[in-house]
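So you can see what is in the structure, the chains are spelled out below.
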Amino acid sequence: MSTLARQYTLNPPLDESELLPEPVDQLQNWIAAASEAGMTEPGAMTLATVGDDGRPSARIVLCKGFHDGGVCFFTNYESRKGRELAARPQASLVFWWDKLERQVRLEGPVERVSREQSLEYFRKRPRESQLGAYSSRQSAVVATREELDARMEANEQAFAGSEIPLPDSWGGYVLRPQAVEFWQGRRGRMHDRLLYLRDAAGWRIERLEP
Ligand SMILES: Cc1cc2nc3c(=O)[nH]c(=O)nc-3n(C[C@H](O)[C@H](O)[C@H](O)COP(=O)(O)O)c2cc1C
């Protein structure tokens with residue numbers, strides 16, 4: 001690890017006047033900018049959930065679009081995150097785009113999307129990914145890699161020439177944010193931080209110290 005303090009100077013300052021009224025629209029702009037900047041997974045975001053025991057856990061998932069003011073991702077409902085969201089349907093998402101020196105943090109309640117939306121997205125995925133989703137009991141302990149490969153192979157044969165069914169345990173979630181912070185790196189650690197907060201009147205924006 002370098003001990004040199006990096007200076008963040010890539011982008012112009014982030015000013016209140018530049019922000020769109022809806023934070024999810026602003027987020028879409030920043031994801032598009034990260035894509036244009038050549039980031040390989042501009043939609044990669046860290047999803048933090050909380051277990052029954054109050055312990056947080058985090059992992060990366062991909063943002064797969066926006067729905068009704070919220071951010072969508074797809075996963076296995078019986079995975080660790082799925083079980084945690086069933087018990088405590090609140091989460092936090094964090095994006096970091098190093099090529100732009102930008103971070104976005106969102107917090108809010110999480111709901112499953114409709115089965116129709118999950119099916120629509122599932123059908124768009126490559127067949128191999130559908131088969132993987134069908135074959136994996138995500139987050140369960142498996143004795144060996146071979147067991148997994150054999151299950152995948154057996155399913156490939158079972159569904160040869162037919163559609164892979166959408167598993168009951170697989171689908172999307174939407175996080176509808178109540179707080180969204182846009183962070184732009186600046187010189188001397190005097191970064192810009194603009195926080196959208198939702199109240200009865202709509203969104204208000206506050207500036208936070210870096
Ligand atoms: C770049 C990247 C993208 C990922 N995208 C997803 C995703 O969209 N959905 C998903 O379920 N897991 C995704 N994963 C795997 C998760 O990080 C995680 O390993 C998995 O969902 C199991 O998490 P859990 O045991 O906490 O439920 C991704 C991992 C990486 C590194």
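Refer to the structure presented above.
Calculation criteria
Residues numbered from 1 in each chain as written. Predicted model: local features only at pLDDT ≥ 70, side-chain atom pairs only at ≥ 80, totals over all residues. Heavy atoms only, no water. Salt bridge = Lys/Arg side-chain N within 4 Å of Asp/Glu carboxyl O. Helix = DSSP H or I, 4+ residues; strand = E, 2+ residues; numbered from the N terminus. Buried < 20%, exposed > 50% of the residue type's maximum accessible area, 1.4 Å probe, protein only. Near = heavy atom within 4 Å. Polar contact = N/O pair within 3.5 Å; in protein donor to acceptor, adjacent residues only side chain to side chain. Areas by Shrake-Rupley, 256 points an atom, 1.4 Å probe, with all protein chains shown as cover. Pairing = 2+ DSSP bridges. Arc of directions from axis to C-beta. Contact = heavy atoms within 4.5 Å. Phe/Tyr/Trp six-rings, centres within 6.5 Å; stacked < 30°, edge-to-face > 60°. Lys NZ or Arg CZ within 6 Å of the ring centre and 35° of its normal.

Enumeration over the complete set of coordinates arrives at 16 salt bridges. Its salt-bridge partner being Glu 84, residue Arg 80 comes within 3.0 Å of it at the nearest N-O pair. In this pair, Arg 80 and Glu 84 both sit in helix α2 (residues 80-87), four residues apart, roughly one turn of the helix. Residue Glu 84 is classed as buried on the basis of its relative accessible area, which comes to 9%. One continuous salt-bridge network, built from bridges that share partners, spans Glu 16, Arg 186, Asp 192 and Arg 207.

With that out of the way, let us pick up the site of the ligand. All residues adjacent to the ligand are Arg 59, Ile 60, Val 61, Leu 62, Phe 74, Thr 75, Ser 79, Arg 80, Lys 81, Gln 138 and Ser 139. Take Lys 81: an N or O atom from its side chain is 2.5 Å from an oxygen atom of the ligand. About the coverage of the ligand: the protein hides 62% of its 620 Å² of free accessible area. Listed by contribution, the elements that provide at least two residues to the shell around the ligand are β2 (56-62), β4 (70-76) and α2.

Right, let's talk about the pairing of strand β8 (residues 179-184) for a bit. Burial analysis of β8 places six of its six residues in the buried class, the great majority of the element. Looking at chain direction, β8 and strand β9 (residues 192-199) are connected through six bridges and run antiparallel. Its bridge partner being in β9, Glu 181 is matched across the sheet by Leu 195.

Take the pairing of β9 next. In terms of burial, β9 is largely enclosed, as six of its eight residues are buried. Pairing of β9 with strand β10 (residues 202-207) involves six bridges; the strand directions are antiparallel. The residue of β10 that forms the bridge with Arg 198 is Trp 203. In this structure, the hairpin formed by β9 and β10 is closed by a connection of two residues.

Quick look at helix α3 (residues 115-124) now. Among the residues of α3, those classed as buried are Ser 118, Tyr 121 and Phe 122. Projected down its long axis, α3 carries its buried residues within an arc of 105°, all on one side. Away from its buried face by more than 90 degrees, α3 exposes Glu 116 and Lys 124. As for α3, its buried residues are in contact with β4, α4 (127-135) and β7 (170-175).

The final tally for this structure, using the stated rule, is 15 aromatic pairs. Summarising the aromatic geometry, the rings of Tyr 8 and Trp 183 are spaced 5.9 Å apart at their centres and angled 80° between planes, so their arrangement reads as edge-to-face. Taken together, the positions of Tyr 8 in the segment before α1 (23-36) and Trp 183 in strand β8 put the pair 175 residues apart, joining distant regions of the chain. We note that Tyr 8, like Trp 183, is buried. Pairing Tyr 77 with Tyr 173 gives two aromatic rings, centres 5.1 Å apart and planes at 85°, and the pair type is edge-to-face. Of this pair, Tyr 77 sits in the loop between β4 and α2 while Tyr 173 sits in strand β7; the two residues are 96 residues apart in sequence, bridging distant segments of the chain. Of the two residues, Tyr 77 and Tyr 173, neither departs from the other in class, the shared state being buried. Feature note: the residues Trp 30, Phe 95, Trp 97, Phe 182, Tyr 196 and Trp 203 constitute an aromatic cluster, connected by ring pairs. The ring centre of Trp 30 lies 4.1 Å from the NZ or CZ of Arg 102, which sits over that ring.

As a further point, take the environment of Pro 23. Within the secondary structure, Pro 23 is located in helix α1. When the C-alpha atoms of Pro 23 and Leu 195 are compared, they prove to be 9.3 Å apart, with 172 residues separating the residues in sequence.

Phi is positive for Asp 68, which is not a glycine, with a value near 50°. Residue position: Asp 68 is located in the loop between β3 (66-67) and β4. A residue is classified by how much of its surface remains accessible, and Asp 68, at 58% relative accessible area, is exposed.

Purely geometric stuff here, so don't read any function into it on its own.
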